[in-house]
Amino acid sequence: MRKFCSDLEIERKIDSLLRKMTVEEKAGQLNQVGPSPVGGFEISLEEKQKMLAEGKITEEEFDRFLSEEKWDEQEDDIRTGRVGSFLGVRDARRCNHLQKIAVEQSRLGIPLLFGMDVIHGHRTMFPIPLAESCSWDETLFERTAQAAAVEAAADGIHWTFAPMLDIARDARWGRIAEGAGEDPYLASRYAAAKVRGFQGDDLTDPARILACAKHFIAYGAAIGGRDYNSADISLQTLWEVYMPPFIAACESGVATYMAAFNDLNGIPCSVNSYLLQDVLRDKLGFEGLVVSDAGSIWECIAHGVAADRKDAGKQALIAGIAIDMVSRCYLDFVPDMVLSGEIPEERLDEAVRQVLRLKYAKGLFDQPYTDETLEEKVTLCPEHRALARDAARKSMVLLKNNGILPMKKDCKIAVVGELSDIGSEMLGTWTLYGKGEETVTFIDALKTQNISFVYAPCCGVETPLDRQALQAVIIDADVVIAMVGELRDMSGEASSLSYIGLAGDQDEMLRLIKESNKPLVTVLVNGRPMAVGNAVSYSDAVLEAWHGGTETGNAIVDILFGDYNPSARLTTTFPNASGECPIYYNHVSTGRPTSDVRHSCKYIDSPLKPLYPFGYGLSYTTYTYNNLEVKALEDTLEVIVEVMNDGNMAGEETVQLYVQDVLASRARPVRELKGFKKICLQPGELQKVSLSVPVNSLGFYNDSMEYIVEPGEFKIYVGHDSEAELCQSVVL
Ligand code: NOJ
């Protein structure tokens with residue numbers, strides 16, 4: 001796939017359109033609006049929002065209220081050319097209706113773009129991105145993005161605000177759920193696959209949607225894991241840790257970027273010309289457009305770098321943001337500023353050119369409308385459901401197993417934990433259109449697969465433990481399956497936590513089950529790495545099922561009863577305690593490496609090692625690694641290793657390759673992932689696996705910000721997680 005780039009013929013058409021446009025129409029193209037509910041409320045929207053926040057109405061009641069109310073889609077603004085794109089409007093009929101106004105009733109007939117957050121599925125929900133990244137499966141990353149694109153496109157959407165490519169090293173940050181975890185290399189491969197999946201090879205394909213690499217940049221470095229907080233990092237960390245997935249997205253042809261909410265070292269990303277010009281345009285050669293985050297231009301006032309909305313709009317446009325998402329700073333002020341000469345018209349034209357280029361690239365001038373008959377055919381179709389099930393089971397990580405799993409279907413099973421039967425809670429953050437009632441819960445799956453069990457909710461995230469009910473339901477059981485974790489809105493945007501253990505009485509429920517001497521299988525349903533040491537110690541087996549999407553229940557049953565051999569591996573480190581965050585495997589070597597010596601880099605009240613390391617995950621079989629060979633060729637390292645399945649079940653292993661630069665002019669990470677390969681092994685099968693590592697991927701940025709690969713010794717570790725011990729040195 002090639003970079004998103006301009007095309008001569010299209011540029012000529014844009015030139016001719018630009019000549020016809022007034023400054024107001026130009027500013028209109030840069031204006032992205034969301035529909036707002038208006039009028040006719042018995043109780044105002046604000047009042048309803050307050051009631052929701054105070055728990056006086058449920059989320060369902062609130063949603064019903066919104067869907068029944070009238071929406072102002074700014075039809076007059078479309079007609080007068082004051083809207084260029086929409087956020088969050090879906091439904092082919094509704095989109096076509098609005099599109100018709102733009103194409104047939106506005107002076108220049110420029111079509112609208114409909115954008116929406118299609119993050120991990122549209123109506124068929126796939127596992128949250130963090131979960132899916134644990135599959136380490138690029139084909140899967142691509143296929144789920146493609147399926148989401150098909151459903152979203154049929155629903156009138158042209159553009160998704162995904163993939164989210166923020167490296168996240170702090171589990172307190174709620175948005176860790178939305179990305180591919182803590183590692184830049186894995187996240188880069190994820191980025192490329194997602195862009196391919198959403199966009200395909202041909203942007204005009206009506207079954208694909210435009211992608212958006214977000215949030216540019218270092219949003220995941222929010223201090224303390226507190227959402228929207230500042231990112232204060234070195235340029236080396238920026239380029240070595242946070243940039244790689246964004247570079248990969250650019251090289252894969254991503255059409256758009258979204259600027260992050262945060263400031264980077266003091267300059268908000270939305271007005272940061274170093275990021276938007278020097279990095280994105282000059283270094284990466286990106287020719288697509290950058291959209292602001294929702295209201296992020298306006299928020300520059302709160303950051304204290306813009307005096308007012310006018311100033312914020314001016315700074316953002318000059319820095320390089322083409323589309324203003326919902327703050328109307330461009331629409332309200334840019335025309336006058338251009339007419340008075342405060343903003344050069346060329347700058348406005350450049351931004352408008354980028355918007356028109358995107359619309360041409362998507363083919364909207366030729367085919368502005370969505371086929372209204374498609375949605376019914378593709379939404380939640382059997383293929384998408386099957387893919388959702390496969391994706392969910394490939395994403396679930398077996399954390400502990402003392403041999404109790406896989407279970408027999410005919411033992412006496414007691415199921416506890418409210419999460420076992422709440423569909424909507426399986427879907428995770430950014431579920432805008434997926435529905436709880438279309439989701440297979442664990443209880444649903446047990447029933448459809450004719451597995452007998454007794455069930456009592458007993459305890460939930462917010463529901464106190466009913467001890468009597470617990471004793472009654474587990475008393476005759478051979479094994480207890482407990483489902484515990486987080487509600488879906490405990491991760492995602494604006495959902496940072498200071499405590500990432502199990503909330504409420506959930507730990508206590510597990511402790512009581514342990515005390516009753518019943519074998520316990522714990523299934524975790526959550527959106528972030530959690531400090532679940534107690535739960536692990538009470539349990540005979542622990543499956544990290546995440547917010548697994550529409551087919552969560554079926555996937556859990558497939559794994560617990562051995563119809564699927566778990567293969568997922570963690571893409572974030574699991575801490576022992578909330579206070580260990582941020583925690584990540586590829587930290588730089590310190591002068592006092594972690595050890596049991598008192599004056600070493602550690603917490604004195606926590607174990608030396610994390611609860612589970614990056615790359616970790618069990619299977620129902622075991623793999624052994626032998627005969628590691630490393631050959632230094634001119635530009636690459638060729639690494640060969642023998643991997644054997646020495647259990648009695650076929651399985652998929654992710655062979656992981658880590659590198660340490662032993663001696664360098666800067667302190668380097670203790671290990672860095674530089675390659676991986678997923679293989680399938682039959683029982684007793686041995687495979688020679690070869691991986692190649694480009695030598696130029698082994699470098700770093702020096703103090704002058706030059707990328708260099710220093711000669712010397714490198715250690716190559718290969719194995720099934722980031723603590724792999726099989727090692728060979730090579731001198732370059
Ligand atoms: C804010 C979020 O940060 C961003 O990820 C999202 O795409 C926009 N809102 C639009 O919903």
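These numbers were taken from a predicted model, which means no experiment stands behind them.

**Some details on the site of the ligand**
Moving on, step 1. Around the ligand, 13 residues are found, and the nearest of them are Asp117, Arg175, Lys214, His215 and Asp293.
Moving on, step 2. Lys214 places a polar side-chain atom, nitrogen or oxygen, 2.8 Å from an oxygen atom of the ligand.
Moving on, step 3. Here Asp293 contributes a side-chain N or O atom positioned 2.6 Å from an oxygen atom of the ligand.
Moving on, step 4. Here the ligand, which alone exposes 300 Å², has 93% of that area covered by the protein.
Moving on, step 5. Residue classes in the shell around the ligand are distributed as seven nonpolar, one polar and five charged.

**A word on the nonpolar core**
Moving on, step 1. Trp159, Phe216, Ile217, Tyr242, Tyr257, Leu264 and Val291 are the most contacted members of the largest nonpolar core, which totals 111 residues.
Moving on, step 2. With eight residues, helix α16 (residues 345–361) is the largest single contributor of residues to this core.
Moving on, step 3. The residues that make up this core include at least three from each of domain 1 (31–116) and domain 2 (382–580).
Moving on, step 4. The contacts of Phe216, once residues within four sequence positions are left out, are Met243, Phe246, Tyr257, Met258, Ala259, Ala260, Cys269, Leu275, Leu276, Val279 and Leu280.
Moving on, step 5. Ranked by size, the runner-up nonpolar core spans 40 residues in total, among them Ala131, Ala414, Val473 and Met509.

**Considering the packing of aromatic side chains**
Moving on, step 1. For the structure shown, the criterion picks out 21 aromatic pairs.
Moving on, step 2. Measuring from ring centre to ring centre gives 6.0 Å for Trp239 and Tyr701, while their planes differ by 45°; the resulting arrangement is tilted. With Trp239 in helix α10 (residues 235–242) and Tyr701 in strand β24 (residues 700–701), this pair connects stretches of sequence that are 462 residues apart.
Moving on, step 3. Judged by its relative accessible area of 8%, Trp239 falls in the buried class.
Moving on, step 4. When the centroid spacing of 4.6 Å and the interplanar angle of 70° are considered together, the rings of Tyr257 and Phe286 count as edge-to-face. With Tyr257 in strand β8 (residues 256–259) and Phe286 in the loop between α12 (273–283) and β11 (289–291), this pair connects stretches of sequence that are 29 residues apart. Both residues of the pair, Tyr257 and Phe286, belong to the buried class.
Moving on, step 5. Directly above the aromatic system of Tyr433 lies the positively charged group of Arg123, at a separation of 4.7 Å from the ring centroid.
Moving on, step 6. For Arg189, the ring lying beneath its charged end belongs to Phe676, and the centroid distance is 3.9 Å.

**Thoughts on the pattern of salt bridges**
Moving on, step 1. Using the criterion set out here, one finds 43 salt bridges in the structure.
Moving on, step 2. For the salt bridge of Asp349 with Lys26, the shortest nitrogen-to-oxygen distance reads 2.8 Å. Linking Asp349 in helix α16 with Lys26 in helix α2 (residues 23–29), this pair joins segments that are 323 residues apart in sequence.
Moving on, step 3. Residue classification places Lys26 among the buried residues on the basis of a relative accessible area of 3%.
Moving on, step 4. Among the ionic contacts, a cluster of salt bridges with common partners joins Asp137, Arg389, Asp390, Arg393, Lys394 and Asp558.

**So, helix α6 (residues 92–105)**
Moving on, step 1. For α6, with 14 residues, the first-to-last C-alpha span of 19 Å sits near the 20 Å given by 1.5 Å per residue.
Moving on, step 2. Every buried residue of α6 is listed here: Ala92, Cys95, Asn96, Leu98, Gln99, Ile101 and Ala102.
Moving on, step 3. Turning to α6, the residues buried within the fold contact α5 (75–79), β4 (85–87), β5 (113–116) and α8 (138–154).

**Remarks on the side chain of Asp137**
Moving on, step 1. Looking at the secondary structure, you find Asp137 in the loop between α7 (129–133) and α8.
Moving on, step 2. Within the local environment of Asp137, its side chain forms a polar contact with the backbone nitrogen of Leu140, the two atoms lying 3.0 Å apart.
Moving on, step 3. The residues contacting Asp137, other than those within four sequence positions of it, are Lys394 and Lys678.

**As for the sheet that holds strand β19 (residues 623–632)**
Within a sheet, adjacent strands bond to each other through the backbone by hydrogen bonds, running parallel or antiparallel.
Moving on, step 1. Pairing within the open sheet is antiparallel, and its three strands lie in the order β19-β20-β23. The sheet is open, and its two borders are formed by β19 and β23 (686–694), each paired with just one other strand. The sheet shows a mean angle of 20° between the axes of neighbouring strands, direction not considered.
Moving on, step 2. In this structure, strand β20 (residues 636–645) lies alongside β23, joined through nine bridges in antiparallel fashion. Note that in β23 the partner of Val641 across the bridge is Val689.

**Side note on the packing of α10 against helix α11 (residues 244–251)**
Moving on, step 1. Interaxial distance between α10 and α11 falls to 5 Å at its minimum, and their mutual angle equals 50°. If you check the angle between α10 and α11, you find them oblique. Here Trp239, Glu240, Val241 and Tyr242 of α10 come into contact with α11, specifically with Pro244, Pro245, Phe246 and Ile247.
Moving on, step 2. By residue class, the composition of the contact of α10 with α11 is seven nonpolar, no polar and one charged.

**With respect to the domain arrangement of the chain**
Moving on, step 1. Per the domain assignment, the segments of the chain are domain 1 (31–116), domain 2 (382–580) and domain 3 (623–731).
Moving on, step 2. For domain 2 versus domain 3, the distance between C-alpha centres works out to 33 Å.
Moving on, step 3. At the interface, six residues of domain 2 touch 10 residues of domain 3.
Moving on, step 4. Carbon and sulfur atoms make up 41% of the area that domain 2 and domain 3 hide from each other, which totals about 580 Å².
Moving on, step 5. On the domain 2 side of the contact with domain 3, Asn565, Ser567 and Arg569 bury the most area, a combined 77% of that side's loss.
Moving on, step 6. Taken together, the connections running from domain 2 to domain 3 amount to one salt bridge.
Moving on, step 7. Residues Arg569 and Glu653 are paired through a salt bridge, measuring 2.5 Å at the closest nitrogen-oxygen approach.
Moving on, step 8. The residue makeup of the side of domain 2 that touches domain 3, split by class, is one nonpolar, three polar and two charged.

**A short note on the pairing of strand β17 (residues 520–525)**
Moving on, step 1. Of all six residues in β17, six are buried, a share of seventy percent or more.
Moving on, step 2. Side chains of β17 alternate between two faces, with Leu520, Thr522 and Leu524 and Val521, Val523 and Val525 buried alike.
Moving on, step 3. Bridge count for strand β16 (residues 479–485) against β17 is six bridges, and the pairing is parallel. Each bridged residue has a counterpart across the sheet, and for Val480 the counterpart in β17 is Leu520.
Moving on, step 4. On the question of chirality, the crossover connecting β16 to the parallel β17 by way of helix α21 (residues 506–515) is right-handed.
Moving on, step 5. Note that the unit made of β17, helix α22 (residues 533–538) and strand β18 (residues 541–544) has a crossover that is right-handed.

**With respect to unusual backbone geometry**
Moving on, step 1. The peptide bond linking Ala162 to Pro163 adopts the cis configuration, its omega dihedral lying at 10°.
Moving on, step 2. Residue position: Pro163 is located in the loop between β6 (159–160) and α9 (184–199).
Moving on, step 3. Of note, the bond from Lys214 into His215 is cis; its omega dihedral lies within 30 degrees of zero at -5°.
Moving on, step 4. Examined against the element boundaries, His215 turns out to sit in strand β7 (residues 212–216).

About the criteria used
Residues numbered from 1 in each chain as written. Predicted model: local features only at pLDDT ≥ 70, side-chain atom pairs only at ≥ 80, totals over all residues. Heavy atoms only, no water. Near = heavy atom within 4 Å. Polar contact = N/O pair within 3.5 Å; in protein donor to acceptor, adjacent residues only side chain to side chain. Areas by Shrake-Rupley, 256 points an atom, 1.4 Å probe, with all protein chains shown as cover. Nonpolar A, V, L, I, M, F, W, Y, C, P; charged D, E, K, R; others polar. Core = buried A, V, L, I, M, F, W, Y, C linked by side-chain atoms within 4.5 Å. Buried < 20%, exposed > 50% of the residue type's maximum accessible area, 1.4 Å probe, protein only. Helix = DSSP H or I, 4+ residues; strand = E, 2+ residues; numbered from the N terminus. Domains from an automatic or database assignment. Contact = heavy atoms within 4.5 Å. Phe/Tyr/Trp six-rings, centres within 6.5 Å; stacked < 30°, edge-to-face > 60°. Lys NZ or Arg CZ within 6 Å of the ring centre and 35° of its normal. Salt bridge = Lys/Arg side-chain N within 4 Å of Asp/Glu carboxyl O. Expected span 1.5 Å × (residues − 1). Pairing = 2+ DSSP bridges. Axes fitted to C-alpha atoms, helices over the stretch in contact; angles between N-to-C directions. Parallel < 35°, antiparallel > 145°, perpendicular 65-115°, else oblique. Buried area = accessible area lost by both parts, 1.4 Å probe. Right-handed = clockwise from strand over helix to strand, strands pointing away.

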